[in-house]
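Commentary on secondary and tertiary structure
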Amino acid sequence: MSETIPATMRAWQVTTPGPVENNPAPLSLVTKPTPAPKMGEILVKVLACGVCHTDLHVTEGDLPVHREHVTPGHEIVGQVVKIGEGAHRFRLGDRIGIPWFRHACGVCRFCRSGKENLCPHSVYTGWDYDGGYAEYTTVPEGFAYRLPDQFDAVTAAPLLCAGIIGYRSYCRANIPAGGTLGLYGFGGSAHLAAQLAIKQGIEVHVFTRGKDAQKFALALGCTSAQGAYDQSPVPLDSSILFAPAGQMVPNALANLAPGGTLALAGIHLSDVPVLNYQQHLFHEKVVTSVESNTRRDGEEFLTLAARLGIKAQVTTYPFEEALTALRRVKQGNLDGACVLTFD
Ligand SMILES: [Zn+2]
Ligand SMILES: [Zn+2]
């Protein structure tokens, strides 16, 4: 009943981390053995894989090498084609999602208290283990997601990191009911968080350099859109910084209302300039970072995305053009998210 799994597959792997514009490029397409699912794991045939800014950090070396020649990609929609020993959650043919957060120890004090995202032993898809820029990949079954039927593979893919981590950022930003939210940077994650916020009655203001991104934000129902360093038209209860640009932090703090919270959503951020206490921090302003997500965040977000009709706007690239897609993500100003498709 299972389809034939080829002995080898095509996969992209990071050769030597460096700028994606380099020639030779830091990412190359190779043929390698198809992985076998280990104990408790499942093997999937990849149907679609989102291209996340973190893939760029892994490929360019902003994040240290965790696994040599790693295959990036952690917004994976795949079909279960083989079930490893001891795995029993899914059946052959099921369509599942594989996220960034791949495994945590389950026994440390963070795992035991609902903060598994802070586990010091946590590992990540497409950083510590090979990800979805490949025809096949594996995942521990307990860390995969069932996907709502209403999303096709391509529109489901960005929900798995851009969506889930955007949701955790949204929660960390502590937005009061009916409040005002600022979003700094407007890419894959922000355009999903914006929809979530608007559908829950939050007024959203967007700060981004790209004119097209500003237009896109307004078309999605955001109340205003302006430059990344502009003054906000209204004091903001909460804000999320999605751009990996520390130089945007002072303005984001200055735009907060007293008591407001700024959540820094990225795994990597360039240095934050010197802050002025009166202008940026006083009046009980709160700054927090966001680290990965818990599985509970993932389950909550996917349920909300289905119920609220949150839809990723995607630009697709064939799997063979992963490098072109990464270069495009680096340029920024994409409307929504970028996704690799497979035949
Ligand atoms: Zn742990
Ligand atoms: Zn990601």
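Residues numbered from 1 in each chain as written. Chains lettered and ligands numbered in written order. Predicted model: local features only at pLDDT ≥ 70, side-chain atom pairs only at ≥ 80, totals over all residues.

Under the annotation held in an unreviewed UniProt entry, the protein carries the name Alcohol dehydrogenase and is attributed to Limosilactobacillus alvi. For the protein, the Cofactor (unreviewed entry) comment in UniProt is given as "Zn(2+)". Within the UniProt record for the protein, the comment given under Sequence similarities (unreviewed entry) is "Belongs to the zinc-containing alcohol dehydrogenase family." (UniProt positions renumbered as here; feature names shortened; annotations may be inferred.)

Let us now look at the UniProt feature "domain: Alcohol dehydrogenase-like N-terminal" (unreviewed entry) in the protein. What UniProt calls "domain: Alcohol dehydrogenase-like N-terminal" (unreviewed entry) maps, in this numbering, to residues 39-149. For residues 39-149, the end-to-end C-alpha separation is 28 Å, with 11% helix and 32% strand making up the annotated structure. (Helix = DSSP H or I, 4+ residues; strand = E, 2+ residues; numbered from the N terminus.)

What follows concerns helix H10 (residues 322-331). All buried positions along H10 are accounted for by Ala-322, Ala-325, Leu-326 and Val-329. The buried side chains of H10 occupy one side of the element, clustering within an arc of 100° when seen end-on. Where H10 is buried, its residues touch strand S1 (8-14), strand S2 (27-33), strand S3 (41-51), helix H1 (53-60), strand S16 (314-318) and strand S17 (337-341). Looking one or two residues beyond H10, the residue adopting positive phi is Gly-332, at roughly 80°. (Buried ≥ 20, exposed ≤ 12 C-beta atoms within 10 Å, placed from the backbone. Arc of directions from axis to C-beta. Contact = placed C-beta atoms within 7 Å.)

Taken in spatial order, the six strands of this open sheet run S12-S11-S10-S13-S14-S15, and their pairing is parallel. Here the strands that pair on one side only, and so sit at the sheet edges, are strand S12 (224-226) and strand S15 (286-289). Averaged over all pairs of adjacent strands, the angle between strand axes in this sheet comes to 15°, irrespective of strand direction. Where strand S10 (residues 180-184) meets strand S11 (residues 203-207), five bridges bridge the pair, whose relative direction is parallel. Bridge pairing in S11 links Tyr-184 to Phe-207. Contacts from helix H5 (residues 188-199) reach S10, S11 and strand S13 (236-241), with the element oriented near 175° to S10. (Pairing = 2+ DSSP bridges. Axes fitted to C-alpha atoms, helices over the stretch in contact; angles between N-to-C directions.)

Moving on to the domain arrangement of the protein. Interfaces are often sized by the accessible area lost when the parts come together. When its domains are assigned, the protein resolves into domain 1 (8-158 + 313-341) and domain 2 (164-289). Between the C-alpha centres of domain 1 and domain 2 the distance comes to 27 Å. Contact residues are listed per partner, giving 15 residues for domain 1 and 12 residues for domain 2. Take the side of domain 1 that touches domain 2: its biggest share by element is three residues, from H1. Of the residues in the side of domain 1 that touches domain 2, the class split is six nonpolar, seven polar and two charged. (Domains from an automatic or database assignment. Nonpolar A, V, L, I, M, F, W, Y, C, P; charged D, E, K, R; others polar.)

We now examine H1. Structural remark: α-helix, 3.6 residues per turn; residues separated by three or four positions point the same way. With seven of its eight residues buried, H1 lies for the most part within the structure. Of all the positions in H1, only His-53, Thr-54, Asp-55, Leu-56, Val-58, Thr-59 and Glu-60 are classed as buried. Contact partners of the buried residues in H1: S1, S2, S3 and H10. Looking one or two residues beyond H1, the residue adopting positive phi is Gly-61, at roughly 90°.

Within strand S4 (residues 76-83), six of the eight residues are buried, which leaves the element mostly enclosed by the surrounding structure. As paired elements, S3 and S4 share seven bridges and run antiparallel to each other. Opposite Ala-48, over in S4, you have Val-77 as the bridge partner. Strand direction decides the pairing type here: S4 and strand S5 (residues 95-98), joined by four bridges, are antiparallel. Across the sheet, residue Val-77 finds its bridge partner in S5, namely Gly-97.

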